[in-house]
Amino acid sequence: MALEEVEGPPGPPWDRPLRGRLERLTVESEILADNPLGDPSRRPLYVYVPPESISGGTFASIYVIQGFTGQLDMWLNRSAFEPTVVERVDELFSSGSCPPAIVVFVDAWTSYGGSQFINSTSTGRYMDYLCDEVVPFIDDRYPTAASREHRGLTGKSSGGYGAMVVPMLRPDVFGALASHAGDALFEACYLPDFPKTARILRDHFEGSWEIFFERFRKAETMEFERHGVPLEIYGYAACYSPDEENPGKALLPFETETGRLVAEVWERWLGWDPVRMAPRYGEELASMHTIYLDAGKSDEWYLDLGAQAFARELEKLGIEHTLELFDGGHMGIQYRYPRAIAALARALDPG
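Colleague: Any details on the pairing of strand S8 (residues 176–180)? Residues and values, ideally.
Modeller: Of all the five residues making up S8, five are buried; the element is thus mostly covered by neighbouring parts of the structure. Judged by which residues are buried, S8 turns out to be covered on both faces: Ala176, Ala178 and His180 on one side and Leu177 and Ser179 on the other are all buried. Relative to S8, strand S7 (residues 151–156) runs parallel, the two sharing five bridges. Considered in S8, the bridge of Gly152 is made with Ala176. With helix H3 (residues 158–169) bridging S7 and the parallel S8, this β-α-β connection has right-handed handedness. Two strands pair when backbone bridges link them, and S8 and strand S9 (residues 291–296) are joined in this way by four bridges, in the parallel orientation. Looking at the pairing, Ala178 lines up with Tyr292 of S9.

As structure tokens, this is what we get:
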């Protein structure tokens, strides 16, 4: 039988035609220009527009941010027998199970792996980029209800961290949040990797961060156990404890030779822990239209405990929230994303 060419995508399990549309944009950031790492100021930006947009009206906007080492095009990755995240979002809004919303996928990658979506003298002003450039850009070009009352933020892991912290710091921009296994309770999620990092540097990189980065950048493949753990720890340090005297560099919260804590630097990290930030930002958290938290009960970084600890602080403040713990770990939880997006869409719906 001869092959015959037909028009249009093949359909599942390959391309699944969207009923809404995904627009892939490139933006030039003034805020990220001349950042300390020399990372690109031209950034990709994806915008999902729901099917209802053709009928006019205004919509809530939901911003989605990624985990550490995340790049924007990873949202289009497909796991076996599963839809992509963008396809899941399209299915959610096409089903009519929640109000429609504009969904914005934001890139905050750095050459250290991420920015934690906060401003740092060692990575750049990524919170300002999100809040003061991307949000106005979207409001100027899409049919959004342009106020914090109709704008939410969600993400997983480091993205879940940003989804908790940015609305505390910038409640003028975001009025709701949802976090999947966001970095929290730092002594549980980060401390175990400090001695592990010290051993890796000792055994594979002559105890030197300079040699680590030199070899990492020349490596043909990224080995998580050899490269990923030190990269994450240094990347977090660049965000939480930047070396103010040496832009682009970080102060580590432990001695590289021994793994022993450096108390004054660790205290700087703890100041960025959402669990410890919550009491200081109770008024801002109380202003959120919804707070949705979830995590797998077997999360490898104990972020289920972090979610519980953050929720406990909310309880102390008398702030309503949703906490869901489910069977699973840190990976393979993309199916959870539509739940948070739906919760935000319902809480922020301008109609």
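Colleague: Run through the environment of Val275, naming residues and quoting values.
Modeller: Here Val275 shows up in helix H9 (residues 274–277). Here the alpha-carbon distance between Val275 and Asp183, two residues 92 residues apart in the chain, equals 9.6 Å. Residue contacts for Val275: discarding those within four places in its chain leaves Ala184, Leu185, Gly306, Ala309, Phe310 and Glu313.

Colleague: Hey, could you go over unusual backbone geometry for me, with residue numbers and the actual values?
Modeller: Following Pro12, the chain continues into Pro13 via a peptide bond in cis, with omega recorded as 5°. The phi torsion at Thr69 lies on the positive side, around 70°, for a residue other than glycine. Mapped onto the elements of the fold, Thr69 is located in the loop between strand S3 (60–65) and helix H1 (85–94). The phi angle at Ser157 is positive, at roughly 65°, despite the residue not being glycine. Turning to its location among the elements, Ser157 is positioned in the loop between S7 and H3.

Colleague: So what's going on with the environment of Thr121? Which residues, and what values?
Modeller: Along the chain, the position of Thr121 falls in the loop between strand S5 (119–120) and strand S6 (124–125). What makes Thr121 partly exposed here is its relative accessible area of 36%. There is a polar contact of 3.0 Å between the side chain of Thr121 and the side chain of Glu244.

Colleague: Pulling in residues and values, what's your account of the packing of aromatic side chains?
Modeller: One pass over the structure, following the stated rule, counts 28 aromatic pairs. Ring geometry for Tyr190 against Tyr236: centres 4.7 Å apart, planes inclined by 35°, an arrangement best described as tilted. Here Tyr190, found in the loop between helix H4 (186–189) and helix H5 (193–204), pairs with Tyr236, found in helix H7 (residues 224–240); they are 46 residues apart in sequence, far enough to count as distant. By relative accessible area, Tyr236 is classed as buried at 5%. Ring geometry for Tyr190 and Trp269: centres 5.5 Å apart, planes at 90°, overall edge-to-face. Here Trp269 lies in helix H8 (residues 263–270) and Tyr190 lies in the loop between H4 and H5, a separation of 79 residues in the sequence. Each member of the pair, Tyr190 together with Trp269, is buried. Here the aromatic cluster, defined as three or more aromatic residues joined through ring pairs, consists of Phe68, Tyr161, Phe186, Tyr190, Phe194, Tyr236, Tyr240, Phe254, Trp266 and Trp269. Above the plane of the ring of Tyr46 lies Arg24, whose end atom (NZ or CZ) is 6.0 Å from the centre.

Colleague: Explain the pairing of S3 to me, using residue names and the numbers behind them.
Modeller: Across the six residues of S3, six count as buried, placing the element largely inside the fold. What you see with S3 is no split at all: Ala60, Ile62 and Val64 on one side and Ser61, Tyr63 and Ile65 on the other are buried throughout. Looking at chain direction, S3 and strand S4 (residues 101–106) are connected through six bridges and run parallel. Its bridge partner lying in S4, Ile62 is registered against Val103. You can see the chain leave S3, run along H1 and come back into S4, and the turn it takes is right-handed.

Calculation criteria
- Residues numbered from 1 in each chain as written.
- Predicted model: local features only at pLDDT ≥ 70, side-chain atom pairs only at ≥ 80, totals over all residues.
- Heavy atoms only, no water.
- Buried < 20%, exposed > 50% of the residue type's maximum accessible area, 1.4 Å probe, protein only.
- Helix = DSSP H or I, 4+ residues; strand = E, 2+ residues; numbered from the N terminus.
- Pairing = 2+ DSSP bridges.
- Right-handed = clockwise from strand over helix to strand, strands pointing away.
- Contact = heavy atoms within 4.5 Å.
- Polar contact = N/O pair within 3.5 Å; in protein donor to acceptor, adjacent residues only side chain to side chain.
- Phe/Tyr/Trp six-rings, centres within 6.5 Å; stacked < 30°, edge-to-face > 60°.
- Lys NZ or Arg CZ within 6 Å of the ring centre and 35° of its normal.

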